Amino acid sequence: GYDPDCPDSRRASLDEGGVSSLFGLRVGVLTNFATETIDPEVTIAFNRALALLQQAGAIVKTLTLPAFDPVKVRRACFVRVEAEAAFVHGDLYRREPSRLSAAMHGYLDYGLRLPAIRLLQADRLMEDAAGGLNACWDNVDVILSPTTPQAAPPFDSPPPDNAGTFSVL
């Protein structure tokens with residue numbers, strides 16, 4: 001619901017039941033995530049959201065993006081981030097490594113020795129996935145997906161390796 005203390009919050013134009021008419025809205029659900037292990041609570045919440053959308057008049061369609069392998073594209077995104085981190089922070093890392101965390105050292109070490117061909121391969125994977133996604137908009141208005149395959153971890157715990165799988169696209 002609306003939160004007056006959050007600058008990004010907006011007053012929704014929903015009726016008291018929480019659902020307004022979404023008649024004809026085409027909602028895409030990607031089958032590409034079917035191989036991911038999803039916590040039961042996430043599946044229940046996602047299915048509930050789909051049911052509410054359908055009750056409001058939305059049409060749910062399943063989609064498959066042929067060039068989108070969630071695991072490979074997630075790794076490609078990490079390669080891109082590590083390369084950009086090395087570009088931005090490489091000089092500082094070489095001059096004053098103590099200013100950066102051990103985790104950042106790992107990212108920068110990888111990014112600094114990354115072969116150009118690997119970066120180009122990663123970029124191509126992401127571009128192909130984006131092209132497939134762009135083609136979807138002829139058939140759907142929105143794509144619905146869980147944000148992560150599990151509930152958020154505690155702040156003092158590292159997130160699971162696959163936490164970004166659903167949001168990478």
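Since this is a predicted model, take the numbers as computed values, not measurements.

Side note on the sheet that holds strand β2 (residues 59–63)
For sheets, the rule is that strands pair by backbone hydrogen bonds, running either parallel or antiparallel. Taken in spatial order, the three strands make up an open sheet running β2-β1-β3, and their pairing is parallel. In the strand order of this sheet, the two ends are held by β2 and β3 (142–143), each with one partner. When strand β1 (residues 26–30) meets β3, the two strands line up parallel, connected through two bridges. Across the sheet, residue G28 finds its bridge partner in β3, namely I143. Each of β1 and β2 touches helix α1 (residues 40–55); the most contacted strand, β1, lies at about 160 degrees to it.

Concerning the nonpolar core
Proteins that are soluble and globular tend to have nonpolar side chains buried together. Among the nonpolar cores identified, the biggest contains 18 residues, and L30, F33, L63, L65, F68, V73 and C136 are the most heavily contacted of them. Of all the elements in the fold, those that place two or more residues in this core are α2 (70–95) and α4 (116–136). In contact with L30, not counting residues within four places along its chain, are L63, L65, I143 and L169. The next biggest cluster of nonpolar side chains, apart from the first, holds seven residues, and it includes L92, L100, M104 and L108.

Notes on the pairing of β2
By the bridge criterion, five bridges tie β1 to β2 in an arrangement that is parallel. Each residue of the ladder has a partner; that of L30, found in β2, is L63.

Overview of the environment of Q54
You can see Q54 is positioned in helix α1. Take Q54: its relative accessible area is 45%, and that puts it in the partly exposed class. Residues Q54 and D91 lie 37 residues apart in sequence; the distance between their C-alpha atoms is 53 Å.

So, the pattern of salt bridges
For the structure on display, the rule yields seven salt bridges. Where R80 meets D123, a salt bridge forms, and the shortest distance between an N and an O atom there is 2.4 Å. Note that R80 is positioned in helix α2 and D123 in helix α4, a separation of 43 residues in sequence. Salt bridges sharing partners connect three or more residues here, namely R80, E84 and D123.

Structural notes on the side chain of N162
Mapped onto the elements, N162 comes out in the segment after β3. Contacts of N162, omitting those with residues within four sequence positions, involve E36, T37, R74, P149 and Q150.

Cut-off values and rules
Counting restarts for each chain: residues are numbered from 1 in the order of the written sequence. For a predicted model such as this one, the threshold for reporting local features is a pLDDT of at least 70, and the threshold for listing and counting side-chain atom pairs is 80 or more; totals across whole chains, interfaces and linings nevertheless cover every residue. Water and hydrogen atoms play no part in the side-chain values, which are based on all heavy atoms of the structure. In this description, strands pair whenever DSSP reports at least two bridges between them. The helix count covers DSSP runs of H or I at least four residues long, the strand count covers runs of E at least two residues long, and both are numbered beginning at the N terminus. By definition in these notes, contact holds between two residues if any of their heavy atoms fall within 4.5 Å. What counts as an axis is a line fitted to C-alpha atoms, over the stretch in contact for a helix, and the angles between N-to-C directions run from 0 to 180 degrees. By nonpolar core we mean a set of buried residues, namely Ala, Val, Leu, Ile, Met, Phe, Trp, Tyr and Cys, connected to one another through side-chain atoms within 4.5 Å. For each residue, the accessible area found with a 1.4 Å probe, counting protein chains only, is set against the maximum for its type, and the residue is called buried under 20%, exposed over 50%, and partly exposed in between. For salt bridges, the criterion is a side-chain nitrogen of Lys or Arg within 4 Å of an Asp or Glu carboxyl oxygen.

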